[in-house]
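Take a look at the letters that make up each chain.
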Amino acid sequence: MARTLTAVNAGTESWWHKNQQKLAPWLFLAPGVLFFLFYVIFPIFQSFNLSLYEWDGLGEARYVGLYNYEELYWDEAFYTSLKNNLIWLVLYLGAIPAGLFIALFLNQTVTGIRLYKSLFFFPFVISQVVVGLVFTWFYDPTFGLLNVVLGTFGLPPINVLGDENYVTVGIIIAGLWPQTAYCMILYLTGLNAVDPEQIEAGRLDGAKGWRMLWHIILPQLRPATFIAFVVTIIGALRSFDLISIMTNGGPFGASRVLSFYMFEVALSEYGFRMGYGAAIAVVLFLIMLVIIAYFLWSMFQEERAR
Amino acid sequence: MFPTPIERTPRSWQITYQSLLPVVLILWLLPLIGVAIFSIKPAADFTTANYWGWPSSFEGFANYALVFTGSDMPRYLLNSVLITVPTVIGAVALSCMTGFALGIYKFRSNIWIFFMFVAGNFVPFQILMVPVRELTLNLGLYNTIPGLVLFHIAFQTGFCTLFMRNFIRALPFELIEAARVEGVAEWRIFWFIVLPLMKPAIAALSVLIFTFIWNDYFWAVVLTQGVESQPVTAGITSFNAQYRAAYHLMSAGSIVAALPPVLMFFLMQRHFIAGLTLGAVK
């Protein structure tokens, strides 16, 4: 059946037949690329453009040049957010050694270990909204488990989320919970692939414990470490859900980060300043661009090595 | 294996390790265990400040039943399903094609298109927020499920393409060359040769995207407003407003909202982990 059809269409099909290897990739790419351009790539440029305007989202947009950025320069809340972003970035990286540590702890073959691994990974699968709620209650000054524990040691209760000094760290700890689980699973998979012969050779040479970990295991875990770094840094800069759920930026804006502040400025009840929000987003984007560029660069090196 | 396998260690450490495991696990999951306990307590326990004591009565069934009958929770759950499932299908379908194109064909702009997908995937959401919201408004899709689905498909295509392309690169290329020598049409190569080999990748991505989208909160807040279109992550906040200070119900609601991806994970664990490691860690 198919053969007779091709025979009939031979005349019209020959051009297609000759060029199909050149055309096929574009036809396969078209739907995905178009979707991506319209929803992801163009909006980036639109945001850059929008950051030069003053716009409430409804009326006429007014061109103001770099005024939004100038205002940003004098904005106290912007610096608070930037500082918190930095704290997030630094503390969030703690998920990597913590994940490695748990992975080493669980990398055994005892009965039921598979279930243990899954249960340790559990926090990552839960939505950040629920993680946020869970930790809000955990920190609650009247009944939270944290203060119950502190109480048994005779320590006074702490209102973690109500205190400007503790609030960001409190939220980050909530974020570290799922992120550590993620890093743990990366390292568990990585440990599976570690070359047993090298370990044995190391043992014969008398390498043990930390020295073994540092000189023989960690170099082999490099791919896992690389991914752990990328996802943790991106995760730290993307933090929004937890802040929105746990404190809504408070108290007195002390727990804002750029991503949250941008949302607050552009879409919350406090205002519809789309242009100013876009300017904040541009700053965040430029910070992220450094990491994206690094990731692409190392990918490019890998591609060339093939 | 590192660290030293437990069978080769002294008996005393073996016993310590075995007993340490459950203790560490309980500590690790403590915040969650707290919520689970809350969710089976009666309301009276909270008024009498019996927060962490033994529940005065088991009200698990009543609490969970009330979540489903006394609120919009079923609707939010349905919305989440209606958002998540089409997104998974759409993003996986699109990325099978883009991954095939970028993984199999050699043309000059190949790497740049690939990098566009990868870079776009890491962009902060906030830089897309205002334009995407405008686009959705202009399409008349603001506060609708399709509006949210279209964006999710587009954005997830970035990550999925990264994954699919790397997966296809690892397939034996001779297979495709042999088919070309036989004169098999390109789309037939895609459909009959490559696609069947991509099943593990499709499974891994589906589970992963399901979890990502189910747990999305930011875009749900930006692109939807009401009970008719909001997914459960956004709905839980209205639920909590409705049952303010009724901790037993809020806990039960949270557990219900968190459960579907958890089930997905336990059912498809192997695929899930393959997806998470981006295929880079074997």
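In this text, all values refer to a predicted model and were calculated from it rather than measured experimentally.

J.: Could you give me a rundown of the overall build of chain B, with the residues and numbers involved?
T.: Tallying secondary structure elements over chain B gives 15 helices and 0 strands in all. The C-alpha radius of gyration computed for chain B amounts to 24 Å, which surpasses the reference 19 Å derived for 282 residues by more than 25%, pointing to a less compact arrangement than a globule. On the principal axes, the C-alpha backbone points of chain B span a range of 80 × 65 × 30 Å. Across the 282 residues of chain B, 58% fall into the buried class. Of the contacts formed within chain B by residues at least 6 apart in sequence, a portion of 73% connects residues at least 24 apart. For chain B, the exposed area adds up to about 11600 Å²; of that, 70% sits on carbon and sulfur atoms.

J.: Provide a residue-level description of the overall build of chain A, including the pertinent values.
T.: Within chain A, the regular secondary structure consists of 15 helices and 2 strands. The C-alpha atoms of chain A give 26 Å as radius of gyration, which overshoots the globular expectation for 306 residues (19 Å, by more than 25%). The principal-axis extents of the C-alpha atoms in chain A amount to approximately 90 × 75 × 35 Å. For chain A, the residues scored as buried account for 53% of the 306 residues in total. When contacts within chain A are restricted to residue pairs at least 6 apart in sequence, long-range pairs at least 24 apart make up 66% of them. Per element, the accessible surface of chain A, about 15200 Å² overall, is 66% carbon and sulfur.

J.: Which residues make up the interface of chain A and chain B, and what values go with them?
T.: Listed by partner, the interface residues are 104 residues for chain A and 102 residues for chain B. In total, about 9600 Å² of surface goes out of reach between chain A and chain B, with carbon and sulfur atoms giving 78% of it. Looking at the side of chain A facing chain B, the largest losses of area belong to A:Phe28, A:Tyr39 and A:Trp137, adding up to 9% of the total buried there. Where chain A touches chain B, the interface holds 1 salt bridge.

J.: I'd like a rundown of a nonpolar patch on the surface, residues and numbers included.
T.: Together, A:Trp15, A:Trp16, A:Leu23 and A:Leu27 line one region of the surface with nonpolar side chains, adding up to about 420 Å² of accessible area. With respect to the helices, strands and loops of the structure, A:Leu23 is situated in helix 2 (residues 10-50).

J.: Any chance you could break down the packing of aromatic side chains for me, citing the residues and the numbers?
T.: Two measures describe an aromatic ring pair: the distance that separates the ring centres and the angle between the ring planes. Under the defined criterion, the tally for this structure stands at 53 aromatic pairs over all chains. Residues A:Phe143 and B:Phe38 carry aromatic rings whose centres are separated by 5.6 Å and whose planes lie at 50° to one another, so their mutual orientation is tilted. Placement of the pair is A:Phe143 in the loop between helix 7 (128-139) and helix 8 (145-152) and B:Phe38 in helix 2 (residues 30-39), with the two residues belonging to separate chains. Among the aromatic residues, those joined into a cluster by ring pairs are A:Phe35, A:Tyr39, A:Phe240, A:Phe260, A:Phe263, B:Phe125, B:Phe151, B:Phe155, B:Tyr217, B:Phe218 and B:Trp219.

J.: I'd love a proper account of the nonpolar core, names of residues and values included.
T.: Counting 204 residues, the largest nonpolar core has A:Phe121, A:Ile217, B:Leu128 and B:Trp219 as the members making the most contacts within it. Two domains each provide a minimum of three residues to this core, namely domain 1 (6-59) and domain 2 (69-276) of chain B. Dropping the residues within four chain positions of it, B:Trp219 is found in contact with B:Phe125, B:Leu128, B:Met129, B:Val132, B:Leu148, B:Phe151, B:His152 and B:Thr224.

J.: If you had to explain the domain arrangement of chain B to someone new, which residues and values would you point to?
T.: Residues and elements named next belong to chain B. The domains assigned to chain B are domain 1 (6-59) and domain 2 (69-276). Computed from C-alpha atoms alone, the centre-to-centre distance between domain 1 and domain 2 is 34 Å. Facing the 7 residues of domain 1 at the interface are 5 residues of domain 2. Inspection of the domain 1/domain 2 interface yields 0 salt bridges. Joining domain 1 to domain 2, the criterion identifies 0 residue pairs in polar contact (both at pLDDT 80 or more).

J.: I'd love a proper account of the confidence of the model for chain B, names of residues and values included.
T.: All names here are of chain B. When the pLDDT values of chain B are averaged, the result is 88; 98% of them are 70 or greater. Model confidence for chain B, summarised as mean pLDDT per element, is weakest for helix 15 (residues 269-276) at 77 and strongest for helix 5 (residues 73-104) at 94. Across the predicted assembly, pTM comes out at 0.89 and ipTM at 0.88.

J.: Tell me what's going on with the side chain of B:Asn143, and back it up with residues and numbers.
T.: Residue and element names in this part refer to chain B. Inspection of the secondary structure assignment puts asparagine 143 in the loop between helix 7 (126-138) and helix 8 (145-169). For asparagine 143, a relative accessible area of 17% gives the class buried. A polar side-chain atom of asparagine 143 sits 3.3 Å from the main-chain amide nitrogen of glycine 226. Contact partners of asparagine 143, with chain neighbours within four places excluded, come to Leu223, Thr224, Gln225, Gly226, Glu228 and Ser229.

J.: Please give an account of the confidence of the model for chain A that cites residues and values.
T.: Per-residue confidence for chain A gives a mean pLDDT of 87, with 95% of residues at or over 70. Low pLDDT (under 50) marks residues 1-8 of chain A, which in the prediction has 1 contact with non-local residues, meaning those over four places away or in another chain.

J.: Lay out the side chain of A:Asn107 in plain terms, naming residues and giving numbers.
T.: If you trace the backbone, A:Asn107 turns up in the loop between helix 5 (95-106) and helix 6 (113-125). Its relative accessible area of 5% is what places A:Asn107 among the buried residues. Setting aside its immediate chain neighbours within four residues, A:Asn107 contacts A:Leu188, A:Leu191, B:Met1, B:Phe2 and B:Pro3.

J.: Any chance you could break down the pattern of salt bridges for me, citing the residues and the numbers?
T.: All names here are of chain A. What the rule picks out here adds up to 6 salt bridges over all chains. The salt bridge partner of arginine 203 is glutamate 200, with a shortest N-O separation of 3.3 Å. Of this pair, arginine 203 and glutamate 200 both sit in helix 10 (residues 196-204), separated by 3 residues, roughly a single helical turn. Residue arginine 203 is classed as partly exposed on the basis of its relative accessible area of 22%.

J.: Pulling in residues and values, what's your account of the packing of helix 2 of chain B against helix 14 (residues 247-267) of chain B?
T.: Residues and elements named next belong to chain B. Look at helix 2 against helix 14: their axes get within 7 Å of each other, and the N-to-C directions meet at 120°. Of the possible angle classes, the one that applies to helix 2 and helix 14 is oblique. Here the hand of the crossing between helix 2 and helix 14 comes out left-handed. Between helix 2 and helix 14, the contacting residues are Val35, Ala36, Phe38 and Ser39 on the first element and Tyr247, His248, Ser251, Ala252 and Ile255 on the second. Here the residues of the contact of helix 2 with helix 14 are counted per class, giving 6 nonpolar, 3 polar and no charged.

J.: How would you explain the packing of helix 15 (residues 274-305) of chain A against helix 6 (residues 110-122) of chain B if you had to name every residue and give the values?
T.: Packed helices, taken two at a time, are described by the angle their axes make and the gap between the axes. Viewed as axis vectors pointing N to C, helix 15 of chain A and helix 6 of chain B meet at an angle of 145°, and their least axial separation amounts to 10 Å. For helix 15 of chain A against helix 6 of chain B, the interelement crossing comes out right-handed. Taking contact as the criterion, the partners of A:Met288, A:Ile292, A:Phe295, A:Leu296, A:Met299, A:Phe300 and A:Glu303 in helix 15 of chain A are, on helix 6 of chain B, B:Ile111, B:Phe114, B:Phe115, B:Val118, B:Ala119 and B:Phe122. Across the contact of helix 15 of chain A with helix 6 of chain B, the residue classes tally to 12 nonpolar, no polar and 1 charged.

The rules we used
- Residues numbered from 1 in each chain as written.
- Chains lettered and ligands numbered in written order.
- Predicted model: local features only at pLDDT ≥ 70, side-chain atom pairs only at ≥ 80, totals over all residues.
- Heavy atoms only, no water.
- Helix = DSSP H or I, 4+ residues; strand = E, 2+ residues; numbered from the N terminus.
- Rg over C-alpha atoms; globule rule 2.2 N^0.38 Å.
- Buried < 20%, exposed > 50% of the residue type's maximum accessible area, 1.4 Å probe, protein only.
- Contact = heavy atoms within 4.5 Å.
- Areas by Shrake-Rupley, 256 points an atom, 1.4 Å probe, with all protein chains shown as cover.
- Buried area = accessible area lost by both parts, 1.4 Å probe.
- Salt bridge = Lys/Arg side-chain N within 4 Å of Asp/Glu carboxyl O.
- Patch = residues over 30% accessible without salt bridge, like charges linked within 9 Å, V, L, I, M, F, W, Y side chains within 5 Å.
- Phe/Tyr/Trp six-rings, centres within 6.5 Å; stacked < 30°, edge-to-face > 60°.
- Core = buried A, V, L, I, M, F, W, Y, C linked by side-chain atoms within 4.5 Å.
- Domains from an automatic or database assignment.
- Polar contact = N/O pair within 3.5 Å; in protein donor to acceptor, adjacent residues only side chain to side chain.
- pLDDT = per-residue confidence, 0-100.
- Axes fitted to C-alpha atoms, helices over the stretch in contact; angles between N-to-C directions.
- Parallel < 35°, antiparallel > 145°, perpendicular 65-115°, else oblique.
- Left-handed = near helix turned anticlockwise from the far one by under 90°.
- Nonpolar A, V, L, I, M, F, W, Y, C, P; charged D, E, K, R; others polar.

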